[in-house]
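Inside the fold
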Amino acid sequence: AAEQGAEAAIIYNNVEGELNGTLGGADAGVIPTAGVTKATGAELVERAGTTATLDLRASFDEITTENVIAETRTGREDNVVMAGAHLDSVDEGAGINDNGTGSAGLLSTALSMGGTPDVNNAVRFAWWGAEESGLIGSTEYVKGLSFQEQLDIAMYLNFDMIGSPNAGYFTYDGDDSDGVGAGPGPHGSAQIEQDFVEAMRNQGIEVEGTDFNGRSDYGQFIAEGIPAGGLFTGAGGVKTEEQAAKWGGEAGVAYDPNYHTAEDNLDNVDRSALIRNTRAMAEVVDHYGQTTEEVNG
Ligand code: PHE
Ligand code: ZN
Ligand code: ZN
Ligand code: ZN
């Protein structure tokens, strides 16, 4: 039991941010040391927020993983536009929608711009590691920056699941117009939301807001007050009749019925959703490469 308690402590230390805050002082007495079941870092984070006891993995391997960062050679380095997507998946499957789609859209945006685009602001692309283990790659990155380096980031744009097979069309709710959950994003996030609304409207799609609930890599950016936004086509949530009427697809079915399963494969991506979202991504990134005036004031 003592040994498993020690393992639990190591897991806590590996899961960054809030979990440390929440569990740092946790009494070892609440940790079940017998009959433990397997749980991922993300599940640990979820359970930590909602229940008093935790299921812990009986054993785990410590692995090292990487973020991949690429930045244009041109543009102001003190007003950087960041765009990111997580490159890892859950163990259960290949993670093609979650998040091959965001990663691929980001890559095609980067390739379309080239290394020395005619931009006023540098554009920095990030393919994050270890999102599914608790937003570790992006959190470590942001925390590893100096205060000045954080100030030099004009905004962060996130793309996690943009080709869900029963696609919804969502943009992070920077102005909290849905009035639920986490509240508005940092100042400037409402403008980013509006720019995504317009980029999708240009393609005939009326998007809805999705709550800044902290469940993707923008989490540490908004925690530091950096304006953020992005696109999302839905995970385990269920499409309503109203949404099916305006977007197509099936009401009463999850946006991604294969979320975090082995069925999240190449056959189960809505390619037109992926293309529409990638177009909007490229348009918005391009625009902010020219100016961030409306966002940063
Ligand atoms: N970040 C989640 C994942 O990668 C996706 C998600 C975001 C699910 C927001 C629900 C709400 O699994
Ligand atoms: Zn996921
Ligand atoms: Zn994801
Ligand atoms: Zn809104």
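The following refers to the structure shown. Because the structure is predicted, anything quoted here is derived from the model rather than measured.

Geometry reference: four tetrahedral donors at a metal, ideal angle 109.5 degrees. Six octahedral donors, ideal angles 90 or 180 degrees. The protein atoms donating to the zinc ion (ligand 3) are His86 (NE2), Asp98 (OD), Asp160 (OD) and Asp160 (OD), with metal-donor distances spanning 2.0 to 2.7 Å. Each donor residue of the zinc ion (ligand 3) belongs to the same chain, with the gaps between them written as H-x11-D-x61-D. A separation of 3.5 Å is found between the zinc ion (ligand 3) and the zinc ion (ligand 2), which share Asp98 as a coordinating residue. Of this pair, His86 sits in strand β2 (residues 76-86) while Asp160 sits in the loop between β4 (153-159) and β5 (170-172), and the two are 74 residues apart along the sequence. For the pair His86 and Asp160, one class covers both residues: buried.

So, about the nonpolar core. Ranked by internal contacts, the top residues of the largest apolar core, which has 55 residues, are Met82, Leu157, Phe159 and Phe221. Ranked by the residues each element gives to this core, the list is headed by helix α10 (residues 271-290), at seven residues. Every residue in contact with Phe159, bar those within four places of it in the chain, is listed here: Ala83, Gly84, Ala85, His86, Asn99, Gly102, Leu106, Phe196, Gly230, Leu231 and Met281.

The next point concerns the coordination of the zinc ion (ligand 4). At this site the zinc ion (ligand 4) is bound by Asp173 (OD), Asp175 (OD), Ser177 (OG), Glu193 (OE) and Glu193 (OE), with donor distances of 2.0 to 2.7 Å. In terms of primary sequence, the donors binding the zinc ion (ligand 4) are separated according to D-x1-D-x1-S-x15-E. The class for Asp175 is partly exposed, based on a relative accessible area of 37%. Taking relative accessible area as the criterion, Ser177 reaches 58% and is therefore assigned exposed.

The rules behind each value
- Residues numbered from 1 in each chain as written.
- Chains lettered and ligands numbered in written order.
- Predicted model: local features only at pLDDT ≥ 70, side-chain atom pairs only at ≥ 80, totals over all residues.
- Heavy atoms only, no water.
- Donors = N, O, S within 2.8 Å, 3.2 Å for Na, K, Ca; no water.
- Helix = DSSP H or I, 4+ residues; strand = E, 2+ residues; numbered from the N terminus.
- Buried < 20%, exposed > 50% of the residue type's maximum accessible area, 1.4 Å probe, protein only.
- Core = buried A, V, L, I, M, F, W, Y, C linked by side-chain atoms within 4.5 Å.
- Contact = heavy atoms within 4.5 Å.

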